[in-house]
Amino acid sequence: EEEEEEAQPKEDKHDDTLVRPHCKRSDGDVQNQEAYLDAQSVDEECPNSAAVAAVPMMSTLVASTRSEDSWKSIDGGEEALQQSSQINGCPIESEAMQVSDEVLDGVLGARAPEARRLLGGARSPERWLDARNADGLQRKGLADLDGKDSYAKVNEKKVNAADSVGKEKQKVVNELASAYARDYVKQVAPEDKPFLGAQPRLLRKPHISTVEETERVTAVACKTIGRLIKEARGVHIRISEDARRSDVARGLMEAASDEVVDIDEAPVVVSMTRDLWHTLPFTQLPSPPGTAKRLLIYVGTPGKYLSMCIKSYRGRFDTAYEEDRLVILCKGVCMLPLGTQEQNIFGVDEVAVLKTIAAAVKARGSLAWGHGVGTKASIMTKIYGYPVGGELPKPLSYEGDAGGSANSFDYLVDYVRFLNQLKIAKPEMPVTVWYDTGLLVSVLMGSVVGAGVSLLTDSDGVSMLRDASIGHIISKLNQVIAVEPFKSARAVYNFFIGDGACRLNGGVELALHLMEGHKAQSLTNLFIFNNHKWAIEDNLVAETFEEHALYNKSFYDLLQHHSNVVVCENDLELRETLSLLSRKADAYAAGKSGPGLNIIVIRGLDVSLPPMIGDIEPIRQSSEMSFLRNVLGKFAEGCQHKVPLYGCSAFEYIQYLHLFMEEMPEGKKYQYVCGRTDIQAAHMCGMTQPDGKCVLFINDVYGINSL
């Protein structure tokens, strides 16, 4: 019959304004609703056909918009219009008529929810979502191990208001957010002072050091560091995550003794950096050594954002730098005191420099382990050895109401602690968490670290935090699901990201693509903090940019009807979902359940963040602002329209942009348009412009990388 209808299409008895929603049949074919409504017989393959056959007037009640004449042309349609008009006046939308929900309920009765499921697709998204909410079809959790809805009993409890303990915890959370925001306040360098000390070197042309240049600068670095170690009161060597693969660095850790009770008396102390800690499973992190006045030698690559996330010793770096007793050895670069100030030496052979350091400190005497008596064996086993597993941890379980003395982040910390316990129990199985760059994710990391728990990330996770690369974890998600041997490994992977960064990198679309197109053997969860905004930028100017709002509520509302997607609207749903995920991970580790990929959208998790403006007068008077005014003022001359100024999140330049557009007369000639990505902003620049002119603003590091 379908082939005959396709060969001889019958004339549409409705006008062109008819919107035709579709019903998905059980066999996967998509059929036009009209075919069901006009059919004389019931299609037994369609699970909704009983509702169609049971209601003769259903064809007059399709929840799509039709013109008034179109409704009247249908048998019974005029009566439906009259009933709707009597109830609430027939609403007119785009010169089309709609039968009201009251008429649908009145005619269909108990079958209204099922009919809406079949017929409601052509409503506007807002009306359709409202209808589904009213029918109780909107809220659902992930399927439990027994196939039941994990939200089935969640409403039996409530979320209590924060008590005194809960309020204090919220203050701590707010301070974590404030500390993060303060890092983004621009510091304008005084223009009347020369740049001194260890500054980045601007290369106007590419330059690769020759063998002779490398040998020369390496000799300078080795000679200087050898002298510094010999003359220092004491030496503290810190081995970072990206240095642990070095045989020389490992030899330093193995040579250190953990039998020294008073390390203050030891000439040399060897310890790990915190970024290395957070790649190992710990439910209580090791204690850091207190070695304040020693020559500090950092072996590896430090990072500003990383140090903020893991609460590293930033004050010690600053103090050691100011006191000319800081040495940092990275790949090809060494920072060290030369003369009266710290300097960078580029092009060194870092292996040769590290061997010099090792020989010089051993010449000072014994090396002390910096993490406590008797702790070395277990820690070194986690780094280089083969730990013995244990019993699987108990999954998370919560009793009573949520809230009160518990903060939302407490539940997430519980979950990360559980993952650490799982890794300790199953050391051979990869159990890893990756954290993106962003406000709420950084607050989560600060909460985990504050509880003494490891972030449980890996070298890629540390590298991404060191770079503060927004959305980078989405690429990692793609790799572990799509690339062998990662995709075939039995592993538990978790990713945390904000909705802005996730959107910028196509995170949800990619996750759904991976669900449908790949069959990885891992148990993977993508957590998305959905607070509808780019959180940092507007706090740097004390004003909300309309361009920075994220209008994505309806997107996630629609998305959650996928069986592998859940939206947590409150703490009850959050803790129930985390409890379920822990049960699934426990069963997966025990070989009792299979792999899968889930998306967990977390709402209602927010912080109180005051504006972090800082002193903006230097920005007003800066040469950069003068440049903007002179160049862009001249550029906009003669334009009849405001010139588009295309950008993205603007977090690296928003204070300049805001003052330019709000206070400077030249800024009144421009309109700021926020692209969804730096690439999209560049695309828009290549298109026809109102007056043939536009400006591209990009974030000075990562915008360039993305382009």
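Before reading on, note that the structure itself is shown above.
To keep things clear, this report deals only with the structure shown in the data block. These numbers come from a predicted model, not from an experiment. Each chain has its residues counted from 1, running along the sequence as written. Totals for whole chains, interfaces and linings use every residue, but because this is a predicted model, local features are given only for residues with pLDDT of at least 70 and side-chain atom pairs only at 80 or more, for both listing and counting. Side-chain metrics in this entry use all non-hydrogen atoms of the structure; hydrogen atoms and water are not considered.

1. Some points on the nonpolar core
- Residues belong to a common nonpolar core when they are buried Ala, Val, Leu, Ile, Met, Phe, Trp, Tyr or Cys residues joined through side-chain atoms within 4.5 Å. Between buried and exposed lies partly exposed: a residue is buried under 20% and exposed over 50% of the maximum accessible area for its type, with that area taken using a 1.4 Å probe on protein chains only. Residues Phe409, Leu412, Tyr435, Phe496, Phe529 and Leu578 are the most contacted members of the largest nonpolar core, which totals 60 residues.
- A run of H or I in DSSP counts as a helix once it spans at least four residues, and a run of E counts as a strand once it spans at least two, with each numbered from the N terminus. With 9 residues, helix α17 (residues 408–425) is the largest single contributor of residues to this core.
- With near-sequence residues (within four places) excluded, Leu412 lies in contact with Leu444, Phe496, Phe529, Leu574, Leu578, Ile602 and Leu605.
- Counting residues in each nonpolar core, the second largest holds 45 residues, with Ile229, Val299, Val361 and Met380 among its members. Whether two residues touch is decided by their heavy atoms; if any such pair falls within 4.5 Å, the residues are in contact.

2. Some thoughts on the packing of helix α20 (residues 472–482) against helix α22 (residues 507–517)
- Two elements in contact, α20 and α22, have axes whose closest approach is 10 Å; the angle formed by their N-to-C orientations is 5°. Between α20 and α22, the angle is such that the two are roughly parallel. Across from Ile474, Leu477, Asn478 and Ile481 in α20, the residues of α22 making contact are Gly507, Leu510, Ala511 and Leu514.
- Of the residues assigned to the contact of α20 with α22, the class counts are 6 nonpolar, 2 polar and no charged. Note on geometry: axes are C-alpha line fits, over the in-contact stretch for helices, and angles between N-to-C directions span 0 to 180 degrees. Roughly parallel here means an angle under 35 degrees, roughly antiparallel means over 145, roughly perpendicular means 65 to 115, and every remaining angle is called oblique. Three categories are distinguished: nonpolar for Ala, Val, Leu, Ile, Met, Phe, Trp, Tyr, Cys and Pro, charged for Asp, Glu, Lys and Arg, and polar for the others, with Gly belonging to the last.

3. Brief notes about the environment of Ser622
- Among the structural elements, Ser622 can be located in the loop between α25 (617–620) and α26 (623–635).
- The sequence separation of Ser622 and Tyr656 amounts to 34 residues, and the corresponding C-alpha distance is 9.6 Å.

4. Section: the pairing of strand β9 (residues 326–330)
- Burial analysis of β9 places 5 of its 5 residues in the buried class, which makes it a mostly covered element.
- Following DSSP output, two strands are said to pair if at least two bridges run between them. Of the pairings in the sheet, the one linking strand β8 (residues 295–299) to β9 comprises 4 bridges and is parallel in character. Among the inter-strand pairings, Leu296 is bridged to a residue of β9, identified as Leu326.

5. Description of the side chain of Thr279
- Mapped onto the secondary structure, Thr279 falls in the loop between α12 (274–277) and β8.
- Owing to a relative accessible area of 12%, Thr279 belongs among the buried residues under this scheme.
- Identification of polar contacts relies on pairs of N or O atoms within 3.5 Å, with a donor-acceptor requirement for protein atoms, meaning one able to donate a hydrogen and the other able to accept it, and with residues adjacent in sequence counted only if both atoms are side-chain atoms. Within the structure, Thr279 has its side chain in polar contact with the backbone oxygen of Leu276 (distance 2.7 Å).
- The contact partners of Thr279, leaving out residues within four places of it in the chain, are Glu241, Arg244, Ser454, Thr457, Asp458, Ser459 and Val462.

6. Observations concerning the sheet that holds strand β17 (residues 565–568)
- On the basis of which strands lie adjacent, the open sheet formed by 5 strands has the order β14-β15-β16-β18-β17 and parallel pairing. Since the sheet does not close on itself, it has two edges, and those belong to β14 (431–435) and β17, each with one partner. Strand-to-strand, the axes of this sheet are offset by a mean angle of 15°, without reference to chain direction.
- Both β14 and strand β15 (residues 492–498) contribute to a ladder of 5 bridges, which runs parallel. Among the inter-strand pairings, Trp434 is bridged to a residue of β15, identified as Phe495.
- Strand contacts of helix α18 (residues 439–450): β14, β15 and β16 (523–529), with the helix running at about 130° to β15, the strand carrying the most contacts.

7. Some points on unusual backbone geometry
- Pro485 follows Glu484 through a cis peptide bond whose omega is 5°.
- Within the element layout of this structure, Pro485 appears in the loop between α20 and β15.

None of this, on its own, says anything about what the molecule does.
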